[in-house]
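Per-entry structural report
For reference, the chains in residue letters:
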2 protein chains.
Amino acid sequence: MHILIDNKSGTPIYDQIYSQIKSQIISGELQENEMLPSIRGLAKDLRISFITTKRAYDELEKEGFLYTIPAKGCYVAPKNVELLREETLKKIEDHIDQILKLAASCNLSKDDIVSMILFAMEGQE
Amino acid sequence: MHILIDNKSGTPIYDQIYSQIKSQIISGELQENEMLPSIRGLAKDLRISFITTKRAYDELEKEGFLYTIPAKGCYVAPKNVELLREETLKKIEDHIDQILKLAASCNLSKDDIVSMILFAMEGQE
DNA sequence: TAACTGTGTATAATGCAGATATACAGTTTA
DNA sequence: TAAACTGTATATCTGCATTATACACAGTTA
């Protein structure tokens, strides 16, 4: 498994680990029931405390992306991932609805909104 | 002027003052160029430091809801449509940020998002 | 001049976030 | 069975941002 930690980026270490594993699970790069690296082993690789890797794993477990068998290891959860994706899509749609209402209230055109979004995207990456 | 401070609520005092005055300005309860209570007077009424009321006023001024004449007082700014428009734009930007975070969490591409938005727009009108 | 107005700088208190060490308990394996 | 691994639980340290504050200052008014 590949995890890259960027110390310069403002985002906390546990968060970087969390995000990278999460996207690897969602993308299928990590398969169902596949064993993840142990929190200690990964911590050793990354030269950080295992408490930090544990925190990342805890987050992922709380959201249902992995399950843990104490004293054995952590495993990629079976794909209710699709479900989570659906939920995320719904949330996005809700936000879009909010945006459209706000836009209507101050006479913003569709093009205006699209260009706002494109601009925000460029700023992000 | 009526301001109620709820010490039990988690929101900071300066924020409660800010919100209440702002909505009174927007609703028209406070009229254009009307003089607001002095930061010291209001602070005395509420039994807090005047620095706290000042902070609320500073926020409101920064957003253009009031203007200040040093050594005289603070006054309700003339109602500005542009101002409300700016506020709306900020809200929209917040929603966009949320969307981009959600999209990243399930590996949605930019194109996916744009087409979701275009689809929602067609559906609306 | 006394009593008011807002301003600016500096500071205390508080809480939260990030990262950690250490001691613990169960499982595997040699 | 002992060594080496797995994850767990508790307590702590540090740094930073937020909240709220005091006080000395400067202009206005009556």
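Scroll up to find the structure this text is about.
These lines cover the structure that appears in this document, whether it is placed above or below.

Cut-offs applied
Residues numbered from 1 in each chain as written. Chains lettered and ligands numbered in written order. Predicted model: local features only at pLDDT ≥ 70, side-chain atom pairs only at ≥ 80, totals over all residues. Heavy atoms only, no water. Near = heavy atom within 4 Å. Polar contact = N/O pair within 3.5 Å; in protein donor to acceptor, adjacent residues only side chain to side chain. Helix = DSSP H or I, 4+ residues; strand = E, 2+ residues; numbered from the N terminus. Contact = heavy atoms within 4.5 Å. Salt bridge = Lys/Arg side-chain N within 4 Å of Asp/Glu carboxyl O. Buried < 20%, exposed > 50% of the residue type's maximum accessible area, 1.4 Å probe, protein only. Axes fitted to C-alpha atoms, helices over the stretch in contact; angles between N-to-C directions. Parallel < 35°, antiparallel > 145°, perpendicular 65-115°, else oblique. Left-handed = near helix turned anticlockwise from the far one by under 90°. Pairing = 2+ DSSP bridges.

**Let's talk about the protein's contact with DNA strand D**
If you check the shell around DNA strand D, you find 23 residues, and the closest are Ser38(A), Arg40(A), Tyr14(B), Ile51(B) and Thr52(B). Among all atoms of DNA strand D positioned within 4 Å of the protein, those belonging to sugar or phosphate total 65%. Between Lys54(A) and DNA strand D, the recorded distance is 2.9 Å, taken from a side-chain N or O atom to a phosphate oxygen. At the level of secondary structure, the elements contributing two or more residues to the surface near DNA strand D comprise helix H2 (39–46), helix H3 (50–62) and strand E2 (73–76) of chain A together with helix H1 (13–27) and helix H3 (50–62) of chain B.

**Regarding the environment of Lys79(A)**
Residues and elements named next belong to chain A. Take Lys 79: it is sitting in the loop between E2 and helix H4 (81–105). Lys 79 sits 31 residues away from Lys 110 along the chain, and the two C-alpha atoms are 36 Å apart. Not counting residues within four places of it along the chain, the set of residues in contact with Lys 79 comprises Ile 25, Ile 26 and Glu 32.

**Examining the pattern of salt bridges**
Per the stated rule, a full pass over the model turns up eight salt bridges over all chains. Of the charged contacts in the structure, one is a salt bridge between Asp58(A) and Lys54(A), with a shortest N-O distance of 3.2 Å. Here the residue Asp58(A) and the residue Lys54(A) both occupy positions in helix H3, the gap between them amounting to four residues, near one helical turn. What makes Asp58(A) partly exposed here is its relative accessible area of 36%. Looking at Lys54(A), the relative accessible area reads 37%, which means it is partly exposed. With its nearest N and O atoms 3.5 Å apart, the salt bridge here joins Glu59(B) to Lys62(B). One end of the pair, Glu59(B), and the other, Lys62(B), are both in helix H3, three residues apart, so they sit about a helical turn from each other. Look at Lys62(B) and you get exposed, because its relative accessible area is 65%. In this structure, a network of salt bridges that share partners links the residues Lys22(B), Glu63(B) and Glu87(B).

**With respect to the protein's contact with DNA strand C**
Around DNA strand C sit 24 residues in total, of which Tyr14(A), Ile51(A), Thr52(A), Arg40(B) and Lys54(B) are the nearest. In DNA strand C, atoms within 4 Å of the protein come from the sugar-phosphate backbone in 63% of cases. The side chain of Lys72(A) places a nitrogen or oxygen atom 2.9 Å from a phosphate oxygen of DNA strand C. Measuring from a phosphate oxygen of DNA strand C, one finds a side-chain N or O atom of Lys54(B) at 2.8 Å. Going through the elements one at a time, helix H1 (13–27) and H3 of chain A together with helix H2 (39–46), H3 and strand E2 (73–76) of chain B are the ones with two or more residues in the surface near DNA strand C. The element contributing the most residues to the surface near DNA strand C is H3(A), with four residues.

**Some details on unusual backbone geometry**
Located in the positive-phi region is Arg47(A), a residue other than glycine, with phi close to 60 degrees. Summarising the element assignment, Arg47(A) is placed in the loop between H2 and H3. For Arg47(A), a relative accessible area of 79% puts it in the exposed group. Notably, Asn33(B) is not glycine yet its phi reads approximately 65 degrees, a positive angle. Positionally, Asn33(B) belongs in the loop between H1 and H2. By relative accessible area, which is 42% here, Asn33(B) ends up partly exposed.

**As for the packing of H2(B) against H3(B)**
Residues and elements named next belong to chain B. Close contact between H2 and H3 brings their axes to 8 Å; oriented N to C, the two are set at 120 degrees. Compared by their axis directions, H2 and H3 come out oblique. As H2 packs across H3, the resulting crossing turns out to be right-handed. Between H2 and H3, the residues in contact are Ile 39, Arg 40, Leu 42 and Ala 43 and Phe 50, Thr 53, Lys 54 and Tyr 57, respectively.

**A look at the pairing of E2(B)**
Residues and elements named next belong to chain B. Along E2, one buried face is formed by Gly 73 and Tyr 75 and the opposite face, lined by Cys 74 and Val 76, is buried too. Strand direction decides the pairing type here: strand E1 (residues 66–69) and E2, joined by four bridges, are antiparallel. Note that in E2 the partner of Leu 66 across the bridge is Val 76. Linkage of E1 to E2, two consecutive antiparallel strands, is achieved through a turn of three residues, within which Ala 71 is found at a positive phi near 70 degrees.

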